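# Structural overview
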Amino acid sequence: MKVLTFLPRSDLQRRVAEALISAQFVVETVVSAKECLQFAQLAQYEGVLVDSDALIFADALALVRLLRQENCGASLFILARYLDLEQRLRLFEAGIDDCVQEPFFASELAVRLGLSIRLRQAASQVVAFNSVNVLRCGDLELDLVRRRAARLGKAIELRPKEFLLLEYLVRNVNRPVTRTMILEHVWNSSFDGLTNVVDAYISALRSKVDRDFPQKLIQTNRGIGYTFSCVSGLAPSAAGRSGRLDRSAAAS
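Remember, it's a predicted structure, so these values are computed and weren't measured experimentally. (Residues numbered from 1 in each chain as written. Predicted model: local features only at pLDDT ≥ 70, side-chain atom pairs only at ≥ 80, totals over all residues. Heavy atoms only, no water.)

### So, the overall build of the protein
- On a plain count of helices and strands, the protein comes out with eight helices and 14 strands.
- Split into buried and exposed, the 252 residues of the protein put 43% on the buried side.
- Taking the contacts inside the protein whose residues are at least 6 apart along the sequence as the reference set, 61% of them involve residues at least 24 apart.
- By element, 53% of the accessible surface of the protein is carried by carbon and sulfur atoms, the whole surface being about 13,500 Å². (Helix = DSSP H or I, 4+ residues; strand = E, 2+ residues; numbered from the N terminus. Buried < 20%, exposed > 50% of the residue type's maximum accessible area, 1.4 Å probe, protein only. Contact = heavy atoms within 4.5 Å. Areas by Shrake-Rupley, 256 points an atom, 1.4 Å probe, with all protein chains shown as cover.)

### Considering the nonpolar core
- Core analysis: the largest hydrophobic core is formed by 30 residues, its most contacted members being L166, I182 and F228.
- Counting only elements with at least two residues in this core, the list comes to β6 (134-137), β7 (140-143), α6 (160-171), α7 (179-187), α8 (195-209) and β12 (225-228).
- Listed in part, the 23 residues of the second largest apolar core include A40, F57, L83 and L91. (Core = buried A, V, L, I, M, F, W, Y, C linked by side-chain atoms within 4.5 Å.)

### Remarks on the sheet that holds strand β1 (residues 2-6)
- Within the open sheet, the five strands sit side by side as β2-β1-β3-β4-β5. Their pairing is parallel. Two strands lie at the open edges of the sheet, namely β2 (26-30) and β5 (98-101), each paired on one side alone. In this sheet, neighbouring strand axes are inclined to one another by 20° on average, regardless of whether the strands run parallel or antiparallel.
- In terms of strand pairing, β1 meets β2 through five bridges, oriented parallel. Across the sheet, the residue bridging to V3 is V27, located in β2. (Pairing = 2+ DSSP bridges. Axes fitted to C-alpha atoms, helices over the stretch in contact; angles between N-to-C directions.)

### A short note on the pattern of salt bridges
- This model, assessed by the stated rule, comprises 20 salt bridges.
- Two residues, D51 and R9, come together in a salt bridge whose shortest N-O distance is 3.0 Å. Residue D51 is found in strand β3 (residues 47-51), and its partner R9 is found in the loop between β1 and α1 (10-22); the two are separated by 42 residues along the sequence. For the pair shown, D51 and R9 are each scored as buried.
- When the shortest N-O distance is used, the salt bridge between D97 and R68 registers 2.9 Å. Here R68 lies in helix α3 (residues 57-70) and D97 lies in the loop between α4 (85-94) and β5, a separation of 29 residues in the sequence.
- On the basis of relative accessible area, D97 is assigned to the partly exposed category, the value being 27%.
- Each of R9, D51, D53, R81 and E102 takes part in one network of salt bridges that share partners. (Salt bridge = Lys/Arg side-chain N within 4 Å of Asp/Glu carboxyl O.)

### Structural notes on the confidence of the model for the protein
- Averaged over the protein, the pLDDT score is 85; the fraction of residues at 70 or greater is 86%.
- Looking at the elements of the protein, mean pLDDT is at its lowest for strand β14 (residues 243-248), recorded as 35, and at its highest for β3, recorded as 96.
- Long-range and interchain partners of residues 232-236, a stretch whose pLDDT sits below 50, account for 13 contacts in this model, where long-range means more than four residues apart.
- Under a pLDDT of 50 for its full length, residues 239-252 has, in the predicted model, 34 contacts with residues more than four places off or in other chains. (pLDDT = per-residue confidence, 0-100.)

### Considerations on unusual backbone geometry
- A cis amide bond, omega 0°, links E102 with the succeeding residue P103.
- Even without being a glycine, R147 presents a positive backbone phi close to 55°.
- In this fold, R147 is placed in the loop between β7 and β8 (148-151).
- Take R147: its relative accessible area is 38%, and that puts it in the partly exposed class.
- The phi angle at N174 is positive, at roughly 60°, despite the residue not being glycine.
- With respect to the helices and strands, N174 occurs in the loop between α6 and β10 (177-178).

### Quick look at the packing of α6 against α8
- Between α6 and α8, whose axes approach to 10 Å, the crossing angle comes to 85°. When the interaxial angle is binned, α6 and α8 end up roughly perpendicular. Across from K161, E162, L165, L166 and L169 in α6, the residues of α8 making contact are Y201, I202, A204, L205, K208 and V209.
- Considered class by class, the residues forming the contact of α6 with α8 number eight nonpolar, no polar and three charged. (Parallel < 35°, antiparallel > 145°, perpendicular 65-115°, else oblique. Nonpolar A, V, L, I, M, F, W, Y, C, P; charged D, E, K, R; others polar.)

So this is what it looks like as structure tokens:
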């Protein structure tokens with residue numbers, strides 16, 4: 001993970017850099033606010049660290065806002081000695097992820113930064129996952145906007161719950177899902193008495209999705225539940241508004 005640091009105090013820079021490098025970060029150092037912004041404009045960083053004491057507060061606040069615009073996905077940390085509560089709150093409103101007040105342990109800072117970066121990356125993946133418009137798995141295609149399904153280009157008429165059930169199965173391609181899992185995600189219920197409803201919907205879905213095709217997608221796992229087996233073992237691909245993408249859309 002690549003981190004940009006603007007920490008003009010040499011002792012602070014050295015201490016933080018040593019901890020970050022020990023934690024397997026790649027550290028790039030700048031010596032001015034202008035250079036910090038220029039680096040952020042030229043490259044994407046997973047993390048940015050700024051010493052607010054190196055600037056007057058108004059300039060520190062302006063730098064944070066600009067950095068957030070340039071590296072919207074970065075974990076942005078402020079290191080400080082003298083900020084009061086109101087100033088810290090204004091920095092959070094401007095876009096920082098954390099304010100680390102001195103004294104602090106550099107090793108703890110590295111852990112906190114790594115956790116913040118992972119949380120941001122996970123959130124970004126969720127956003128990308130939820131912004132998908134079309135799921136494709138083998139010869140099956142689901143249009144999540146128009147709520148339409150097709151296989152080999154042939155339209156499949158599905159009721160709303162059938163579509164939700166099929167979407168859930170596709171998002172969990174090649175992974176067994178239990179009846180209880182299906183109830184929780186499709187019916188928002190954990191009542192085991194409804195498992196026969198799941199079986200009935202699976203049966204109806206099979207008659208529409210699998211009946212006229214040699215390759216059967218919906219498999220029964222006795223004693224467990226069901227598995228959606230993608231044709232030729234391919235993971236589902238996803239297409240957004242800008243066109244087809246190659247990344248997997250399977251839920252984890």
